[in-house]
Structure formats: structure tokens, C-alpha cells
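Observations on the three-dimensional arrangement
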Amino acid sequence: MVSSRPKPVKEGPLSKSKQARHVVGKVVRHVKVHPRGICSNQQTAFTPEWYECRSAIKEALRCYRRLLSDKDYRESISKDHGMGLERGKPSGIGQHMRLAKLVRCLGKWVNTAKQIGCVAGIEVGDVFHWRGELCIVGLHSEFRKGIDCITSLNGSKIWATSIVDSGRYDSCTRKVSSDEFTYCGEGENPSFCGFKKLKDQKLVGGNRALMNNMIDRKPVRVIRRFDNIGNTNESGYKFVYEGLYQVNHCWKEIRMDSGKYVYKFNLVKLEDHLQYEPQWKPSHDVVATAHRLCKLVDDPITLLAYMKALAFDATQSGYVVV
């Protein structure tokens, strides 16, 4: 049978090729290609392991959101794992801590080891609905604190792995540009101290960790909370992963409303090519080969051999063999 070159596929998550070829009883069909898939540009091409982790993250989020919306399912899982049933109407951060614990009982937490730098399966711009979702995917493991930290093996030093800019320090967090902002250190927040007398912030905990990030030139993940205008969830807000930032400068200044010292940190976003670890990105040769595969080679057996040699999943490359 004389093969013909398939027509170009329009870009977009729902586009499909109308071309199919039949060779020795098999059909190699061009199917939907995600705009950020393995066949996209070099900046957004990832390894099969990265996509596998992303798939696990999506499954964990589906489980979390089902638990949130389905009380019978929550009670069933709680009973199966020896957890007490809910008392009263669950709400607030306590409920989300409980849900995250249930997801962990089901073995669906991803990226469970704390790490500095990017997280496998997470892209810059990914959106999350609830604070608990940041924990189960490995972006930020603290439910309440804005600064998440990691300690050295000998316990002598700590660094910040991620921060959540939730707007709790509205008067102290200032955005300089889309890729630069000033972040206020943790502790002594007048909005949460009640009648307690405010004190100067200290260079301990998360503040010391961010200082060490600056000294040792270690990046920190930044997640920002935004008002959710679309009202896609009950919380009324959403969390967006902004990417890796570098702590460039740290200083103390007096808070105008209290007269107490606070620590402030200037953070600048890293360049695009530094947002992902090299281990999660294919080499230039692999990316070039992936582009060639997207054009459909004449011999489907050669196509499958290429995929096997490169450890590509056919669905990741935009093809399905039936």
C-alpha cells in the first residue's frame, strides 16, 4: 500500500489528525497532542518519568476533591483506616488537614520527600484549589505557615523550600514587577496576634531559612494566593505556582503601624531555562527525535523501535497503536 503524508495537525488540546495508515494489520493513529507535551518546544519537553509523576498528581487531586465533596466516601475511608467519624460540620483548615491525612492513608501522596528546587510533575502556572492540595503534591508541606523549611543532615542549617504569599501581610508584601516582589518575614503579624503585644521579628525559623537561601544561592518555590473570580470552588480563592525565585536581598525595617522591626526579602524569578531540573528534561537529541516522530515515519515498526529505544510512551508522543 502506498503511504501518504498526513495533513498538518492544528495546534490545540482538542485537535486530531484525520489521517490514519494501515500497515500489516496495525493502525498508527495520530491523536490529541497536549500543547505542553513531549513534542512541544524544548522549554516544556519532559521525560516519561516526569509525566508519570504528573499523572499521579492528577489522581491524588481527584481523590482529595472527591473526599471534600462526598461525605459518604469520607466516612467509608475513615472507617477503613481506623479514623474517627466527623463531629459537627467540618470546616476550615482542620477539615483539609483531615482530608490530606486520608489521601495519605490511601497511599496517593506524591513527592513526599522535602526538596529544594522544582517538583516533578508540576509546571509553572499550575493552579490548586485548596491549601491541602499543595501538601499532597509536594509543593508546600505546611498547612498554616507561609515558609516551608528543610534541615541539613547534621541539623546545623535550614533552608526554605517554598513560600506561600497568601496576602496575610498585605501591608508588607509588595510586588515590584511580574517577576520580582518583596516578601515579609514570618512572625508577629498584627492581623493574627489579637490583644497580644507585638514584638520585633527575629531571625529564626523561616526567616533564618530565607536568609540562608540568599547566602547559599538556593532557589525557593513561590506559590501565590489569588481571589478566584470564576468561583470554581467554595473557598473563593486559588493558589498558583509561580516558579523558582532567588532571594537577592534581605533587610530589617520598622513597621509603620506598630513601630516594631520586621524582616523583608527581595525575591526575583529565575530565568525560564532554570525553572526545571535537568534530570526531568530530555537532551537536545531526544527532543529533536521527538519532533521527527511527530511527523510520522514511513515505517511504523521503525516508529515503535524509536519509542522503545528512547523509553517513550506512545501516548506521550501523541500516538496510539491499535
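This text follows the structure it describes.
Residues numbered from 1 in each chain as written. Predicted model: local features only at pLDDT ≥ 70, side-chain atom pairs only at ≥ 80, totals over all residues. Heavy atoms only, no water.

**Concerning the overall build of the protein chain**
- Check the secondary structure of the protein chain and you find seven helices and eleven strands.
- Relative to its full complement of 322 residues, the protein chain shows a buried share of 43%.
- Here the contacts in the protein chain between residues at least 6 apart in sequence split such that 60% fall between residues at least 24 apart.
- Total accessible area on the protein chain stands at roughly 18200 Å², and carbon and sulfur atoms take up 52% of it. (Helix = DSSP H or I, 4+ residues; strand = E, 2+ residues; numbered from the N terminus. Buried < 20%, exposed > 50% of the residue type's maximum accessible area, 1.4 Å probe, protein only. Contact = heavy atoms within 4.5 Å. Areas by Shrake-Rupley, 256 points an atom, 1.4 Å probe, with all protein chains shown as cover.)

**Quick word on the pairing of strand E4 (residues 147-151)**
- Alignment of E4 against strand E5 (residues 158-165), held across five bridges, turns out to be antiparallel. Bridge pairing links Cys149 to Ala160 in E5.
- From the end of E4 to the start of E5, which pair antiparallel, there are six residues, and Gly155 there has a positive phi angle of about 75°. (Pairing = 2+ DSSP bridges.)

**Regarding the environment of Asn228**
- Of note, Asn228 is situated in the loop between strand E8 (220-227) and strand E9 (237-254).
- Separated by eleven residues in the primary sequence, Asn228 and Phe239 have C-alpha atoms spaced 9.1 Å apart.

**Examining the nonpolar core**
- Leu67, Ile122, Phe128, Ile136, Val137 and Leu139 are the most contacted members of the largest nonpolar core, which has 39 residues in total.
- Broken down by secondary-structure element, the contributors of at least two residues to this core are helix H1 (48-69), helix H2 (71-80), helix H3 (92-105), helix H4 (131-136) and E9.
- Take this core: its biggest share by element is nine residues, from H1. (Core = buried A, V, L, I, M, F, W, Y, C linked by side-chain atoms within 4.5 Å.)

**Considering the pairing of E9**
- Note that strand E3 (residues 127-128) and E9 share two bridges and pair antiparallel. Across the sheet, Val127 pairs through a bridge with Val240, a residue of E9.
- Sheet analysis places E8 next to E9, joined by eight bridges and oriented antiparallel. Pairing of Arg225 across the sheet is with Phe239, part of E9.
- Sheet analysis places E9 next to strand E10 (residues 261-269), joined by nine bridges and oriented antiparallel. Its bridge partner being in E10, His249 is matched across the sheet by Asn266.
- Hairpin connection from E9 to E10: six residues lie between these consecutive antiparallel strands, with Gly259 at a positive phi of about 75°.

**Comments concerning unusual backbone geometry**
- Not every positive phi belongs to a glycine, and Asn111 is a case in point at roughly 55°.
- You can see Asn111 is positioned in the loop between H3 and E3.
- Not every positive phi belongs to a glycine, and Arg217 is a case in point at roughly 55°.
- Take Arg217: it is sitting in the loop between helix H5 (205-216) and E8.

**Structural notes on the pattern of salt bridges**
- All chains considered together, the criterion is met by ten salt bridges.
- Here the residues in one salt-bridge network are Arg54, Glu123 and Asp126, joined through shared partners. (Salt bridge = Lys/Arg side-chain N within 4 Å of Asp/Glu carboxyl O.)

**Structural notes on H3**
- The end-to-end C-alpha distance of H3, which contains 14 residues, comes to 21 Å, matching closely the 20 Å that a straight helix rising 1.5 Å per residue would cover.
- Every buried residue of H3 is listed here: Gln95, His96, Leu99, Ala100, Leu102 and Val103. The buried residues of H3 all sit within an arc of 155° when viewed along its axis, so they share a single face.
- Contact partners of the buried residues in H3: H1, H2 and H4.
- Looking one or two residues past H3, Gly107 carries a phi angle of roughly 75°, positive in sign. (Expected span 1.5 Å × (residues − 1). Arc of directions from axis to C-beta.)

Geometric values such as these leave the question of function open.
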